[in-house]
Amino acid sequence: MTSPIILALDTDDLATAISWIEATRESVDIYKVGLEFFLKFGSAGLQELSKQGNFQFFLDLKLHDIPNTVSGAVASIRDLKPRFLTVHASGGSAMIRAAADAAPEVAITAVTVLTSLDEPELHKMGINSTPLALATSLATNSVSAGAKAIVCSPLEVAAIRELVSEDIALITPGVRPADSNLEDQSRVMTPRDAIRAGATFIVVGRPITSYFNKSAQAMRERAAEIKESIS
Ligand code: C5P
């Protein structure tokens, strides 16, 4: 069974990313590559990481543009065969449909509301909605347009799970084991509670990667411990 942990490779150093993969492969089957890594190393960097073994990528590029442009962008990375590729749900139905059509074998993954946006900020932007109400309508709209996965806050997972079918993966960052630092995350849940609330996968970064500063073995044990806490 695929591990529910998606490890965020938030580093601009190729060797570090490779070491993190080596240290966590027993507990992780999907690695998240974001803009920090991808803008520096591109497709060649991803291919380099692929040599480390048999795992999948969550390519977190958060695409957001007119449908034709997004379609072209998705076609450009299609050969990399990521399992998940993110687009902003607020790009609308036609954009999401264009992304899904450009790579039918990739799970187009719609990012609902960034957790950095709170209700007062939404109002300033002219959006008279709560983050929860907006996230649920963005999620259902995205799924209708062809998205196969949704990224949302752990606090929104239960509401969205009620509205979308079981085959839609719900992916949540913003998780923190009970014993760890909150860092810059505020509205958090433990990995276990996020999965219980209906998440399919949790995205974890620093609660695991920071252990590499101690040793690769400490990182390996930390990833195993978090996986164990969920099962
Ligand atoms: O280190 P940490 O566990 O906070 O990393 C979580 C990952 O999830 C990072 O790659 C971050 O960009 C991403 N993320 C997040 N909160 C969101 C959306 C994405 O932490 N609301």
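Structure: above.
Caption draft 1: Structural context of the nonpolar core. In terms of nonpolar packing, the biggest core is built from 62 residues, with Val33, Leu49, Leu59 and Leu85 touching the most fellow members. Residues in contact with Leu49, not counting those within four places in the same chain, are Leu9, Leu14, Ala17, Ile18, Ile21, Val33, Phe37, Phe55 and Phe57. In terms of nonpolar packing, the next biggest core, distinct from the first, is built from 13 residues, Phe58, Phe84, Val111 and Ala149 among them.

Caption draft 2: Main features of the packing of aromatic side chains. For the structure shown, the criterion picks out five aromatic pairs. Here the aromatic rings of Phe55 and Phe57 are separated by 5.5 Å at their centres, their planes lie at 85 degrees, and the arrangement is edge-to-face. With a relative accessible area of 12%, Phe55 lands in the buried category. Residue classification places Phe57 among the buried positions, given a relative accessible area of 6%.

Caption draft 3: Fine view of the packing of helix α1 (residues 14–24) against helix α10 (residues 216–230). Put simply, α1 and α10 touch, their axes get as near as 8 Å, and they point 55 degrees apart. Comparing their axes, α10 and α1 come out oblique. The interaxial crossing formed by α1 with α10 has right-handed handedness. Contacts between α1 and α10 involve Trp20, Glu22, Ala23 and Thr24 from the first element and Ala216, Met219, Arg220 and Ala223 from the second. Split into classes, the residues belonging to the contact of α1 with α10 amount to five nonpolar, one polar and two charged.

Rules behind the numbers
Residues numbered from 1 in each chain as written. Predicted model: local features only at pLDDT ≥ 70, side-chain atom pairs only at ≥ 80, totals over all residues. Heavy atoms only, no water. Core = buried A, V, L, I, M, F, W, Y, C linked by side-chain atoms within 4.5 Å. Buried < 20%, exposed > 50% of the residue type's maximum accessible area, 1.4 Å probe, protein only. Contact = heavy atoms within 4.5 Å. Phe/Tyr/Trp six-rings, centres within 6.5 Å; stacked < 30°, edge-to-face > 60°. Axes fitted to C-alpha atoms, helices over the stretch in contact; angles between N-to-C directions. Helix = DSSP H or I, 4+ residues; strand = E, 2+ residues; numbered from the N terminus. Parallel < 35°, antiparallel > 145°, perpendicular 65-115°, else oblique. Left-handed = near helix turned anticlockwise from the far one by under 90°. Nonpolar A, V, L, I, M, F, W, Y, C, P; charged D, E, K, R; others polar.

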